[in-house]
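Architecture and fold: a report
Letter by letter, the chains look like this.
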Amino acid sequence: MSDPVLVIGAGVAGLTAATQLADSGIRTVLVDRLPIVGGNAMDLYKAFPTDDCFYCFEGSRSRPGIRKCFYRSAILDQPNIELKVNAEVTEISGSPGKFQAKLSVGSQYIDSKKCIMCGLCIERSNAFSLPSPQCQPQAVIYDPELSDEGAKKAEEECPTKAINLGAQSSEETVQVSDIVIATGYHEMKPVSIDEYGYGKIPNVVTQLELAQILDPNGKSGGALVRPSDDGQVKRVMMVQCVGSRDENYYPFCSKICCVYALKHANIIVLERDGTQVTVVYMDIRTYDRHERYYRVARDAGVRFVRGRVSRLEACEDGTLDIIAYDSLLDKYLKFNVDLFVLSSALEPPKGSAELIKSLGLHSASGFVGPADSTSENEVVAGDHVYVCGAATGPAEIPESVTQARAVVSMILQSRK
Amino acid sequence: MTETEEKADPPAVMIEPIDISKLDPDFREGIRSMPNGEELSACFACSTCTAACPIANTWKYKPHQLIRMILLGMREEVLSSEEIWLCLTCFECQERCPQNVRVTDIFFDCKNLAAEESMIPDSIVGLAKELLDKGQLYVVTADWEREDMDLEPEVPGLSTEEFKAILKGTRTGRIVGGDE
C-alpha cells in the first residue's frame with residue numbers, strides 16, 4: 001500500500017484536495033492548526049462570487065460533510081481521510097516521494113465522534129463553546145485557559161463521555177508520498193499603520209472582523225453594531241489598500257479585497273436598513289465578472305471617494321471624525337462615522353517562510369511560488385510538493401477549488 | 001549644527017473641509033428621479049466626459065467633477081456653477097460615457113432646477129430679456145449682405161409678436177420678470 005498524501009491546511013483548497021484524493025482511493029492526512037476545518041472561509045458569512053454562506057458553498061455541494069443538514073461529516077467518516085485538528089507540522093525530512101513529517105497534535109479534550117453537541121458542558125462552564133452550529137468536526141471546543149470547577153462537572157456529566165480534560169498533546173511522525181500545501185492567507189492586522197489607529201482607537205476594524213459582525217451566527221445575530229458599545233451603526237467608512245500595494249508592507253495587490261469590501265458594502269446598504277457606506281479607494285479592482293459588485297454598489301448608493309484618509313479623530317460618543325482627500329474633486333471632505341473598516345493586506349500565514357525554506361521552495365512575495373515559473377503548472381511547487389489556494393497568493397474560492405483539483409489530478413497521474 | 005527653536009507658521013488660510021453632513025442627499029435622488037437621471041449613479045468617475053469635452057479645460061469644475069458633486073449632494077455648488085450654463089450641449093460626453101450616464105441631459109436638468117430657484121447667470125437672463133423684447137435672439141439687419149443677394153431688406157413674413165406673447169407666459173417670462 002502506498003504512503004498517504006499530507007495535506008497541510010483544511011481550508012477551502014485543503015478540504016477540496018483531501019476529499020477528492022480520498023474519493024479517488026488515496027489515503028490522506030489532513031492537518032489544521034485550528035480546532036475546526038474551513039479556514040478563513042468559515043468567517044466570511046456570504047462568500048463571493050455566489051453569495052452563499054460557505055457552509056453550503058457550491059464547491060462543497062457534492063461533499064455532504066460541509067453541508068449543515070448532515071449530522072456526521074464525510075471529512076470525519078471518509079475512511080481514507082485522517083483529520084488532525086489542533087495540529088501542526090513541525091518538521092519535514094526525507095526525500096521526495098518519501099517524506100517524514102513530524103506532527104505536533106494538540107490535546108484532544110473532546111472526542112468529536114462521541115460529542116452530540118447537547119450543550120450541557122457549555123451550560124456548566126465558559127471553557128466550552130460551539131464555534132458554529134455547522135462546524136466540522138461537529139463538536140464543542142474546549143479552552144483550557146478558561147478551565148474552572150464547572151468544566152470538571154461537565155466532564156462527569158457529559159452523557160456520551162466525550163470530554164477528557166486530562167488529554168495530553170502528542171507528537172507523531174507520518175511517512176507521506178506527497179505534500180500538498182494549502183496553508184491559505186492571513187489578514188494583516190494593520191497595527192503599525194499609525195494613521196488608521198487600528199488597535200488603538202475603538203470601532204476601527206478589518207474586513208474579516210466586519211464579516212464576523214455581519215454573520216447571523218455571530219454575537220449580534222447579524223445586526224451591524226459598534227464593537228465599543230454594541231450601538232447601532234448608521235454610517236460606515238471603508239478604506240482600500242491598507243498595507244497592499246505599499247512597498248513598506250506588501251508590494252502586491254491583495255486582489256480580492258475590493259470584491260469582498262463591496263460585497264460587505266452591498267450587504268450593509270441593501271440588508272441593514274438606512275446605513276450609509278462610503279468607500280475610500282485608490283483604484284477599484286473588481287476584476288473579471290466581479291465588476292457587478294461595483295455596479296450594484298453604485299446603484300445601491302454606496303458613496304465612493306477616490307483618494308485617501310488624511311485624518312482620523314475619535315469623538316467622545318464613540319464616533320469617528322474623518323477627513324478624506326477626494327482627488328477627483330481636489331477637495332477635502334469631512335465625515336462622521338460609527339465604524340471604520342480597513343481592507344487590510346492579505347499576507348502569508350505564520351510559518352510560511354520556514355515551510356518554504358525547509359522544502360527548498362520558491363517564495364513569491366512570501367507565498368509559495370511554482371517550481372518553474374515559466375511552466376503552466378502553477379500548482380507544482382517542487383518534487384512531490386504541490387500548492388493550491390491562497391497559499392499561492394490571495395485567491396478567491398472558485399480559484400482555490402480549481403487549483404486543488406489540479407493538484408489531485410497531478411497526484412493521480414503520478415501514481416498511475 | 002545649531003538647534004532651531006523656530007516653529008513652522010500655520011498655513012496662511014486653512015480651508016475647512018467640506019462637511020458631508022451639511023450636504024443635501026436628496027439632490028442626488030432628485031436628479032436621479034428625473035427622466036435623464038436613471039443612470040446617474042452608474043458613474044465611476046473615469047473622466048471620459050471631461051476628456052471628450054471641447055471646452056472643459058477652461059472650467060473650474062470639470063464635467064466628471066460636476067457629476068461627482070451631484071452624487072455627493074453638493075446642491076448649492078452645482079446649481080450655482082457657471083459651467084452648467086457654459087456647456088455647449090454638443091453631447092460628446094454623453095456619446096462616449098462607458099456607463100451610459102446622460103451627462104449633457106443631466107446638465108440640462110440642473111439648469112432647469114437652477115432656473116426654478118432663480119440661480120441664473122446675468123448673461124443668460126440678458127439673453128432671455130432680449131428674446132422677450134425682440135422675439136428673436138439674432139435680429140436680422142437690413143445690411144449689405146441681403147442687398148448683395150438681391151433680397152429685400154426685411155425678412156418677409158417674419159412676425160415676432162406671437163413669439164413674444166407666448167414667451168411672456170412661459171418660464172422665460174417669469175425669469176425676466178423676476179417674480180420668482
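Keep in mind the model is a prediction, meaning the values are calculated, not measured.

**Side note on the pairing of strand β16 (residues 303-314) of chain A**
All names here are of chain A. One ladder, built from 4 bridges, connects strand β15 (residues 276-281) with β16; its direction is parallel. Bridged to V279 within β16 is F304. For β16 and strand β17 (residues 320-326), the ladder comprises 7 bridges, and the chain directions are antiparallel. Within β17, the residue paired with G307 across the bridge is D326. Taking the residues that link successive antiparallel strands as the turn, the β16-β17 hairpin has 5 residues, and the phi of G318 there is positive, at about 90°.

**A few points about the interface of chain B and chain A**
Think of interface size as the accessible area that goes away when the parts come together; that is how it is often given. With 20 residues of chain B at the contact, the number on the chain A side is 19 residues. Buried area between chain B and chain A, summed over both chains or domains, comes out near 1,800 Å², and the portion from carbon and sulfur atoms is 53%. For chain B, the biggest contributors to the area lost against chain A are P17(B), I20(B) and R68(B); these three give 28% of the whole. At the surface where chain B touches chain A, the tally comes to 2 salt bridges. Across the salt bridge formed by R68(B) and D326(A), the nearest N and O atoms sit 2.8 Å from each other. On inspection of chain B and its partner chain A, the count reaches 13 residue pairs in polar contact (both at pLDDT 80 or more). Elements with a minimum of two residues in the side of chain B that touches chain A: β1 (18-19), α1 (25-33) and α3 (63-72) of chain B. Of the residues forming the side of chain B that touches chain A, the biggest block, 5 residues, is contributed by α3(B). The class makeup of the residues in the side of chain B that touches chain A is 11 nonpolar, 4 polar and 5 charged. Examined bridge by bridge, strand β18 (residues 331-337) of chain A and β1(B) share 2 bridges and lie parallel to one another. In the sheet register, K334(A) faces β1(B), and the bridge partner there is D19(B).

**Looking at the pairing of strand β7 (residues 98-105) of chain A**
Residues and elements named next belong to chain A. Of the two faces of β7, only one is covered, namely that formed by F99, A101, L103 and V105; the face formed by K98, Q100, K102 and S104 stays uncovered. Across 8 bridges, strand β6 (residues 87-95) lies against β7 in antiparallel orientation. Note that in β7 the partner of I92 across the bridge is A101. Here β6 folds back onto β7, and the loop between the two strands holds 2 residues, one of which, G97, carries a positive phi near 95°.

**So, the sheet that holds strand β19 (residues 339-344) of chain A**
Paired through backbone hydrogen bonds, the strands of a sheet run either parallel or antiparallel to each other. If you walk across this open sheet you meet the 8 strands as β13(A)-β19(A)-β14(A)-β15(A)-β16(A)-β17(A)-β18(A)-β1(B), and the pairing is mixed. Only two strands of the sheet have a single neighbouring strand rather than two, namely β13 (204-206) of chain A together with β1 of chain B. Where β13(A) and β19(A) come together, 3 bridges link them in parallel fashion. Bridge pairing in β19(A) links V204(A) to F340(A). Along the sheet, helix α5 (residues 207-214) of chain A contacts β13, β14 (235-242) and β19 of chain A; its crossing angle with β13(A), the most-contacted strand, is approximately 95°.

**Description of a negative patch on the surface**
Residues and elements named next belong to chain B. A cluster of acidic residues, E145, E147, D148 and D150, forms a negative patch on the protein surface. Looking at the element boundaries, E145 is found in helix α9 (residues 144-148). For E145, a relative accessible area of 45% puts it in the partly exposed group.

**Some words on the domain arrangement of chain A**
All names here are of chain A. According to the domain assignment, chain A contains domain 1 (5-106 + 169-185 + 348-414) and domain 2 (189-345). With both chains or domains summed, domain 1 and domain 2 bury close to 1,800 Å², and 57% of this area falls on carbon and sulfur atoms. Three residues, Y45, F48 and P394, lead the burial of domain 1 against domain 2; their summed loss comes to 37% of the area buried on that side. Across the domain 1-domain 2 interface, the total number found is 3 salt bridges. Here E396 ties to R289 by a salt bridge, and the two come within 3.7 Å at their closest N and O atoms. At the boundary of domain 1 and domain 2, one finds 6 residue pairs in polar contact (both at pLDDT 80 or more).

**Looking at the pattern of salt bridges**
According to the stated counting rule, one finds 33 salt bridges over all chains in the structure shown. Two residues, K22(B) and D19(B), come together in a salt bridge whose shortest N-O distance is 3.3 Å. Residue classification places D19(B) among the buried positions, given a relative accessible area of 19%. Linked by salt bridges that have partners in common, K46(A), E271(A) and R272(A) make up one network.

**Some details on the layout of surface pockets**
Residue and element names in this part refer to chain A. By volume, the second largest pocket is sized at about 550 Å³. For the second largest pocket, the lining is made up of 24 residues, of which V85, Q108, I110, S112 and P137 are closest to its centre. Where the lining of the second largest pocket is concerned, the elements lending two or more residues are α2 (74-77), β5 (81-84) and β9 (141-142). Within the lining of the second largest pocket, the residues separate by chemical class into 16 nonpolar, 5 polar and 3 charged.

**As for unusual backbone geometry**
Across the chain, the bulk of peptide bonds are trans and the bulk of non-glycine residues have phi less than zero. All names here are of chain A. Positive phi, close to 60°, is recorded for D230, a residue that is not glycine. Judged by relative accessible area, which is 57%, D230 ranks as exposed. Unlike most non-glycine residues, D330 shows phi in positive territory, near 55°. Mapped onto the elements of the fold, D330 is located in the loop between β17 and β18.

**What to know about the packing of helix α1 (residues 12-23) of chain A against helix α9 (residues 397-414) of chain A**
The angle between the axes and the distance between the axes are what describe a pair of packed helices. Residues and elements named next belong to chain A. Direction vectors running N to C along α1 and α9 enclose 35°, while the axes themselves pass 8 Å from each other. Once α1 is placed against α9, the crossing between them reads as right-handed. Along the contact surface, α1 presents V12, A13, T16, A17, Q20 and L21, while α9 presents I397, S400, V401, A404, R405, V408 and I411. Looking at the contact of α1 with α9, its residues break down into 9 nonpolar, 3 polar and 1 charged.

**Considerations on the sheet that holds strand β23 (residues 380-382) of chain A**
All names here are of chain A. Pairing in this open sheet of 6 strands is mixed, and the strands run β5-β2-β1-β11-β24-β23 from one edge to the other. Unpaired on one side and paired on the other, β5 and β23 mark the two borders of the sheet. Strand-to-strand, the axes of this sheet are offset by a mean angle of 20°, without reference to chain direction. Judged from the 4 bridges that link them, strand β1 (residues 5-8) and strand β11 (residues 178-181) form a sheet pairing that is parallel.

Conventions used here
- Residues numbered from 1 in each chain as written.
- Chains lettered and ligands numbered in written order.
- Predicted model: local features only at pLDDT ≥ 70, side-chain atom pairs only at ≥ 80, totals over all residues.
- Heavy atoms only, no water.
- Pairing = 2+ DSSP bridges.
- Helix = DSSP H or I, 4+ residues; strand = E, 2+ residues; numbered from the N terminus.
- Contact = heavy atoms within 4.5 Å.
- Buried area = accessible area lost by both parts, 1.4 Å probe.
- Salt bridge = Lys/Arg side-chain N within 4 Å of Asp/Glu carboxyl O.
- Polar contact = N/O pair within 3.5 Å; in protein donor to acceptor, adjacent residues only side chain to side chain.
- Nonpolar A, V, L, I, M, F, W, Y, C, P; charged D, E, K, R; others polar.
- Buried < 20%, exposed > 50% of the residue type's maximum accessible area, 1.4 Å probe, protein only.
- Axes fitted to C-alpha atoms, helices over the stretch in contact; angles between N-to-C directions.
- Patch = residues over 30% accessible without salt bridge, like charges linked within 9 Å, V, L, I, M, F, W, Y side chains within 5 Å.
- Areas by Shrake-Rupley, 256 points an atom, 1.4 Å probe, with all protein chains shown as cover.
- Lys, Arg positive; Asp, Glu negative; His and termini not counted.
- Charge placed at Lys NZ, Arg CZ, Asp CG, Glu CD.
- Domains from an automatic or database assignment.
- 1 Å grid on protein atoms, 1.4 Å probe; cavity = no way out; pocket = protein on both sides within 12 Å on 5 of 7 lines; lining within 4 Å.
- Points joined across faces, edges and corners; volume = space filled by probe spheres on them.
- Left-handed = near helix turned anticlockwise from the far one by under 90°.

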